[in-house]
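Structural overview for review
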Amino acid sequence: MAPPRNVVKIAVQMPEAIPQLIQLDQAKPLAAVLKEVCDAWSLVHSERYALQFADGHRSYITENNRTEIKNGSILCLSTAPDLEAERLLGGLQSGSRERRREALQHLVLLAPDVTFAQEVISRDGLQRLGTIIEDGDDLGEVLTLALRAFLELMEHGMVSWETLSIPFVRKVVCYVNMNLMDASVQPLALRLLESVTLSSPALGQLVKSEVPLDRLLVHLQVMNQQLQTKAMALLTALLQGASPAERKHMLDYLWQRNLRQFIYKNIIHSATPLGDEMAHHLYVLQALMLGLLEPRMRTPLDPYSQEQREQLQALRQAAFESEGESLGTGLSADRRRSLCAREFRKLGFSNSNPAQDLERVPPGLLALDNMLYFSRHAPSAYSRLVLENSSREDKHECPFARSSVQLTVLLCELLRVGEPCSETAQDFSPMFFGQDQSFHELFCVSIQLLNKTWKEMRATQEDFDKVMQVVREQLARTLALKPSSLELFRTKVNALPYGEVLRLRQTERLHQEGTLAPPILELREKLKPELMGLIRQQRLLRLCEGTLFRKISSRRRQDKLWFCCLSPNHKMLQYGDVEEGASPPTLESLPEQLPVADIKALLTGKDCPHVREKGSGKQNKDLYELAFSISYDHGEAEAYLNFIAPSKREFHLWTDGLSALLGGPMGSEQTRLDLEQLLTMETKLRLLELENVPIPEQPPPIPPPPTNFNFCYDCSITEP
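Residues numbered from 1 in each chain as written. Predicted model: local features only at pLDDT ≥ 70, side-chain atom pairs only at ≥ 80, totals over all residues. Heavy atoms only, no water.

1. Looking at the pairing of strand β4 (residues 74–79)
In this sheet, β4 lies alongside strand β1 (residues 7–13) in parallel orientation, the contact comprising 3 bridges. What sits directly across from Val12, in β4, is Leu75. Summarising the sheet, strand β3 (residues 49–53) and β4 pair through 5 bridges and their orientation is antiparallel. Within β4, the residue paired with Ala50 across the bridge is Ser78. (Pairing = 2+ DSSP bridges. Helix = DSSP H or I, 4+ residues; strand = E, 2+ residues; numbered from the N terminus.)

Structural data, given as structure tokens:
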């Protein structure tokens, strides 16, 4: 007879004792279970003991998490968390260095457990750790352990970073600024200061004033990837917390100190693979660099500004200087104004007064900056482009000014200039660290590409929007390849002419659309169930392989990873924390389990509890798109297992797989694309023998019946 559902068979072990195999009744109070376990080993005062998971983080068992105990779980009997916290905190005050070191080691191991953390924090454990950090009597292993324990306790969010004292923060700053410091201390100190900077504006200003940028540059130049990553994290945090004027000043100083060149040569092109966290911080740095263009992008041209009028005249003179000098000699003021207006129209301005073309925001003054940069840094290409188009027939000329304005808008959209930084994105482009004035240089390449595409399309003024669509596609496809330098970008984008874009569009359309003949549509409908089964099988296999997910807190991007996968029999979700850079764990090493039968629902987007409380700002849009949660029974309450997918594709694969496990439809965009691809491929295979044979819209008519059926065999006549 099977045991009741709320009874699980487990093992309980204790050092120097024979393990107990018991049937745990989940309906029985935990205190009663502890009493029975202690009685079996003749232990008195059961209230002094607690149960822990024997593997993983050795979490304490409480009434809130006891439903995580499954059949076959191994527990161990240990000291109750309040007594253990009291004992370890007492060890911190010991005069013996060895005893303090052992107490800190145990604190670091147990601090991730929320029950133990509550007990430590309620007994002023953070203050005692802070005292050790502030005193700094031991700058080696003891300080490293104290910082790690402090960070682990703060990560639970029970205490605000804003409560830290100024002397404490200054002491941590001292550890960052010291020259001779243990290599394991400074990454932890940098991580702590990053959290302080992102969480407290007031303390962030203190960190900004106390940590020189030169010191962070020194840490970045040390060939220690962990130290480099944490230094870059603090640098981007300081930049994000600065005002726009301060941020520009800081970035200008960093660029003067050759930070861009160092990142390009020694971090991006390092022999060591770039970690996910460093890739994210480089993305943030790139976004902040491009964000410096936003004020110019949001500012329209002022027709009363003498400086801006002179810039427009310089733009005209760079193209028509010799012509204007020869024709304008001895002319009246009115005639000279008429000549200038005609030359501005040749430049591609829609109005005789060019200021009216640049009143549009965006791109505002950024378009003028781009045109001036092109005319000054590529004068021969600029003159050739303008004069070549001004000598064409009117209907075929490519308007330089109008194209520049629209191209600047296009580049700002593709590069997301002025948009808030994502909390998880890693898609930085190496070429922006390989070139000074990278945005303006990119414009110079793009405007010449636009002129080349215009000629290939034999475009007229009416085709302007079509040309811009093709140029958008050329730029987007090339940027997606993440070329490592501007020259490589130039080579790749010029290798994508209009004809190649048409060919790629045609290929994609054929792959996506197929034919719409009714017989083939009917064939596709018959193939769908089988192919959907194939997709379902692939999704479940992907869940069995498992995925590394990143933990995201409400304050900042975390560097902690956890792994989740589906058991081969599709009955359990198994998961657990893993270290950065470690290989995917085996199924047996994952400490946590969640039966598929206990899952109630799959939630996505804003319905997920871990993103619902983060607000609805633009910066959280990417989290909404990658977030999903599983709700399941957790005793009498409802609990959630929360995920942030590493990519949109992984989000689709996991939500499809979980929907399939729950018997629901797989409705993601990825499923639609996969089904379309499989249907197109299978249909083509079925129709190989009908190549070049027209398929009729309607089936051929059934011929009329014959006049007689004498040809039929009469089965009633028996053979003699």
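Read on for the rest.
2. Brief notes about the domain arrangement of the protein
Taken domain by domain, the protein consists of domain 1 (7–79), domain 2 (83–272), domain 3 (298–320 + 337–508) and domain 4 (529–674). Of note, the centres of domain 2 and domain 4, computed from C-alpha atoms alone, are 31 Å apart. (Domains from an automatic or database assignment.)

3. Re empty space enclosed by the protein
What the rule picks out here adds up to 3 cavities of 30 Å³ or more. Put simply, the largest cavity is a space of about 60 Å³. Surrounding the largest cavity, Thr67, Glu68, Lys70, Tyr575, Gln593, Leu594, Asp598, Tyr632, Asp633 and His634 form its lining. If you list the elements that add at least two residues to the lining of the largest cavity, you get β8 (592–595) and β10 (627–634). Ranked by residues supplied to the lining of the largest cavity, first place goes to β10 with 3 residues. Tallied by class, the residues present in the lining of the largest cavity amount to 3 nonpolar, 3 polar and 4 charged. Both domain 1 (7–79) and domain 4 (529–674) contribute no fewer than three residues apiece to the lining of the largest cavity. Around the second largest cavity, the lining residues are Phe53, Asp55, His57, Arg58, Ser59, Pro591 and Glu592. (1 Å grid on protein atoms, 1.4 Å probe; cavity = no way out; pocket = protein on both sides within 12 Å on 5 of 7 lines; lining within 4 Å. Points joined across faces, edges and corners; volume = space filled by probe spheres on them. Nonpolar A, V, L, I, M, F, W, Y, C, P; charged D, E, K, R; others polar.)

4. Concerning the sheet that holds β1
The strand order β2-β1-β4-β3 describes an open sheet built from 4 strands, whose pairing is mixed. Edge positions in the open sheet fall to β2 (20–25) and β3, since each of these has one partner strand only. Taken pair by pair, the neighbouring strands of this sheet meet at an average axis angle of 40 degrees, ignoring direction. (Axes fitted to C-alpha atoms, helices over the stretch in contact; angles between N-to-C directions.)

5. What about the environment of Leu290?
Mapping Leu290 onto the fold places it in helix α14 (residues 276–291). Separated by 127 residues in sequence, Leu290 and Val417 have C-alpha atoms that sit 5.7 Å apart. Residues contacting Leu290, with those up to four places away along its chain left out, are Leu415, Val417, Phe432 and Phe439. (Contact = heavy atoms within 4.5 Å.)

6. Topic: the nonpolar core
Across soluble globular proteins, nonpolar side chains show a tendency to be buried alongside one another. Counting 145 residues, the largest nonpolar core has Phe150, Leu192, Leu347 and Phe374 as its most contacted members. If you tally residues by element for this core, the top one is helix α6 (residues 141–154), at 10 residues. Mapping this core onto the domain boundaries places at least three of its residues in each of domain 2 (83–272) and domain 3 (298–320 + 337–508). Excluding residues within four positions of it along the chain, Phe150 makes contact with Leu126, Leu129, Gly130, Ile133, Trp161, Leu164, Phe168 and Leu192. Within the second largest apolar cluster, 30 residues are counted, among which are Ala627, Phe628, Ala639 and Ala645. (Core = buried A, V, L, I, M, F, W, Y, C linked by side-chain atoms within 4.5 Å. Buried < 20%, exposed > 50% of the residue type's maximum accessible area, 1.4 Å probe, protein only.)

7. Examining the packing of aromatic side chains
Applying the stated criterion across every chain yields a total of 16 aromatic pairs. Judged by centre distance (5.0 Å) and plane angle (40 degrees), the ring pair of Trp562 and Phe643 falls under tilted. With Trp562 in strand β6 (residues 557–566) and Phe643 in strand β11 (residues 637–644), the pair connects residues that are 81 residues apart, well separated along the chain. What makes Trp562 buried here is its relative accessible area of 7%. Its relative accessible area of 0% is what places Phe643 among the buried residues. Measuring from ring centre to ring centre gives 4.6 Å for Phe628 and Phe643, while their planes differ by 5 degrees; the resulting arrangement is stacked. With Phe628 in strand β10 and Phe643 in strand β11, the pair connects residues that are 15 residues apart, well separated along the chain. (Phe/Tyr/Trp six-rings, centres within 6.5 Å; stacked < 30°, edge-to-face > 60°.)

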